[in-house]
Every structure is written in structure tokens, then in C-alpha cells.
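What follows is each chain in one-letter form.
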Amino acid sequence: ISRITAPVIREALDRTKKDNTWKNVKIKHIKMLFRWAYRQGYVPDLTVPDRLERYPEKSARQKVVGKYLESDELHAVIDSMSDYTEYQLITRFLVLSGCRIGEALALTVKDVDIGAQSVTIDKTYSLTTRKVQSTKTEMSERVIHMRPELLALVKSILLRQKQICLAYGVRSALLFPWMDGGYMHYEAYSK
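The shown structure was predicted, so the numbers you read here are calculated from the model rather than taken from an experiment.

Asks: Could you clarify how one ought to interpret the side chain of threonine 91 in this entry?
Replies: Turning to its location among the elements, threonine 91 is positioned in helix H6 (residues 85-97). Not counting chain neighbours up to four residues away, the residues in contact with threonine 91 comprise Leu74, Ile78, Met81 and Tyr189.

Asks: Just checking my understanding: could you explain the packing of aromatic side chains for this structure?
Replies: How two aromatic rings sit relative to each other is given by the distance of their centres and the angle of their planes. The full count for this structure, using the stated rule, is 7 aromatic pairs. With a centroid separation of 6.1 Å and an interplanar angle of 20°, the aromatic rings of tyrosine 87 and tryptophan 178 are classed as stacked. Here tyrosine 87 is found in helix H6, whereas its partner tryptophan 178 is found in the loop between helix H8 (148-168) and helix H9 (186-190), with 91 residues between them in sequence. The pair formed by tyrosine 87 and tryptophan 178 is uniform in burial state, with each residue classed as buried. Here the aromatic rings of tyrosine 125 and tyrosine 183 are separated by 4.1 Å at their centres, their planes lie at 15°, and the arrangement is stacked.

Asks: Honestly, the nonpolar core in this entry has me stumped. Any pointers?
Replies: Nonpolar side chains tend to gather and get buried jointly when the protein is soluble and globular. By size, the foremost hydrophobic cluster in this structure holds 29 residues, and its most contacted members are Ile90, Phe93, Val119, Phe176, Met184 and Tyr189. If you list the elements that add at least two residues to this core, you get H6, helix H7 (101-106), strand S2 (118-121) and H8. It is H8 that provides the largest number of residues to this core, a total of 6 residues. Not counting chain neighbours up to four residues away, the residues in contact with phenylalanine 176 comprise Leu89, Ile90, Phe93, Ala104, Ile157, Gly182 and Met184.

Asks: Can you help me understand the layout of surface pockets in this one?
Replies: Gaps left between atoms show up when a probe the size of a water molecule is rolled over them. Size it by volume and the largest pocket reaches roughly 630 Å³. Taken together, 14 residues line the largest pocket, and the ones lying closest to its centre are Lys67, Tyr68, Leu69, Leu94 and Tyr189. Contributing elements (two or more residues each) for the lining of the largest pocket: helix H5 (71-80), H6 and H9. Here the lining of the largest pocket is built from residues that sort into 10 nonpolar, 2 polar and 2 charged.

Asks: Explain the pairing of S2 here, please?
Replies: A regular strand carries its side chains on alternate faces of the sheet. Alignment of strand S1 (residues 112-113) against S2, held across 2 bridges, turns out to be antiparallel. Along S2, the bridge assignment pairs aspartate 113 with serine 118. Between S1 and S2, which pair antiparallel one after the other, the connecting turn spans 4 residues, and glutamine 117 there sits at a positive phi close to 55°. With 4 bridges joining them, S2 and strand S5 (residues 142-145) adopt antiparallel strand pairing. Paired with serine 118 across the bridge in S5 is histidine 145.

Asks: Would you take a moment to explain the pattern of salt bridges for this structure?
Replies: A side chain of one charge can pair with a side chain of the opposite charge when the charged atoms of the two come close. As enumerated under the stated definition, the model contains 10 salt bridges in all. We note a salt bridge from arginine 130 to glutamate 187, for which the minimum N-O separation is 2.6 Å. With arginine 130 in the loop between strand S3 (124-125) and strand S4 (132-133) and glutamate 187 in helix H9, this pair connects stretches of sequence that are 57 residues apart. Exposure remark for arginine 130: the relative accessible area of 43% places this residue in the partly exposed category. Between glutamate 149 and arginine 147 there is a salt bridge whose closest N-O contact spans 3.1 Å. Classification of glutamate 149 as partly exposed rests on a relative accessible area of 43%.

About the criteria used
- Residues numbered from 1 in each chain as written.
- Predicted model: local features only at pLDDT ≥ 70, side-chain atom pairs only at ≥ 80, totals over all residues.
- Heavy atoms only, no water.
- Helix = DSSP H or I, 4+ residues; strand = E, 2+ residues; numbered from the N terminus.
- Contact = heavy atoms within 4.5 Å.
- Phe/Tyr/Trp six-rings, centres within 6.5 Å; stacked < 30°, edge-to-face > 60°.
- Buried < 20%, exposed > 50% of the residue type's maximum accessible area, 1.4 Å probe, protein only.
- Core = buried A, V, L, I, M, F, W, Y, C linked by side-chain atoms within 4.5 Å.
- 1 Å grid on protein atoms, 1.4 Å probe; cavity = no way out; pocket = protein on both sides within 12 Å on 5 of 7 lines; lining within 4 Å.
- Points joined across faces, edges and corners; volume = space filled by probe spheres on them.
- Nonpolar A, V, L, I, M, F, W, Y, C, P; charged D, E, K, R; others polar.
- Pairing = 2+ DSSP bridges.
- Salt bridge = Lys/Arg side-chain N within 4 Å of Asp/Glu carboxyl O.

Remember that the coordinates give geometry; whether it matters functionally is a separate question.
Below, the structure written as C-alpha cells:
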């Protein structure tokens, strides 16, 4: 522990070739570890973490450049999914509703209210644990009002949901069920 210095840590982080945001998260973790080690008496002082400076990061505006599709790019993606109806429907739903993929995968038919023209978002499907859990943050819980384009799409999705259940002989309350009635395989959709 006594041989760990700020330059040693900085050199190790630089060797990773990761981006500066990732390195800054690691610096935060290292500082937390040093504070714990100090409280436990393993290190005599906090000079090492105090000397660790954050790496420069892009501004929030620079980070989003190239992260979102332009309208023509989006249409090209959706058109390329012509043989994959479920993928096309969920992609259009994500775009029109602003939902995250996990939120959409967790939706059930009961979360949709055609009469009130709304979709209730109050849970998410974790792609890592493969379980439904609360939304990313408490503020993420919301009711989405369906504009006419989204309302028409949701009606198509509900029809497709019934078709899948009938065609494969499964029962599913999910808005976007897979052929076995379970959750859509995100890895396949992502590819």
C-alpha cells in the first residue's frame, strides 16, 4: 500500500486505453477505497487520493453528438427490419414514446389504457439480472400520453401481441412477448 502513489495510479489508468469518463469513475472508486483504508488505519494520510486529478471530459453537448439517429437514418433502420415485425414495432415504440428498452420490455397489456390514451411506465426489465424491477430512478415512473401516431402504433402492437399468443399457443401479459411468451431477447434485437 505504501508504494501506491498518484503517478502509479495515473499510469495504470492510462494503460487501460479507456475513455476519460471511465477513468474518472475509477478515480472516484479509488478515492473511496483510500478513505476507507484511512479510517481503518491502513494508510497514514489521504495525500495520494488528494493528488489524483480528474481527466478532462467532453461536455454534455459533445457526448450526445452522433448518439442519436437523424430521421432518414431512423427510417433506414426501421426499413431494414422489414422481416422482423416485432423488432420494427418495438423500435418505433421506443422512438415515439421515449422509453428505455428495459422499460418497454417490462410493459404489460394492463399498462396500456387505450381509452385514456396513456401508457404507464413503473418498472423495467433488467437485461443483466433478467428480472423486472423498479425504474432506473423514482422520477422515471411516469404516464406517457399517446399522440395519434403512438396510439395507432400501440393498437398494432396489441394486435401483434394477440397474434403471437395464438400462433405459438402461449399466454403472456407482456406487451412485447417473445414466441415463448417470455421477454423479448434483447441481445438478438440489439444485433
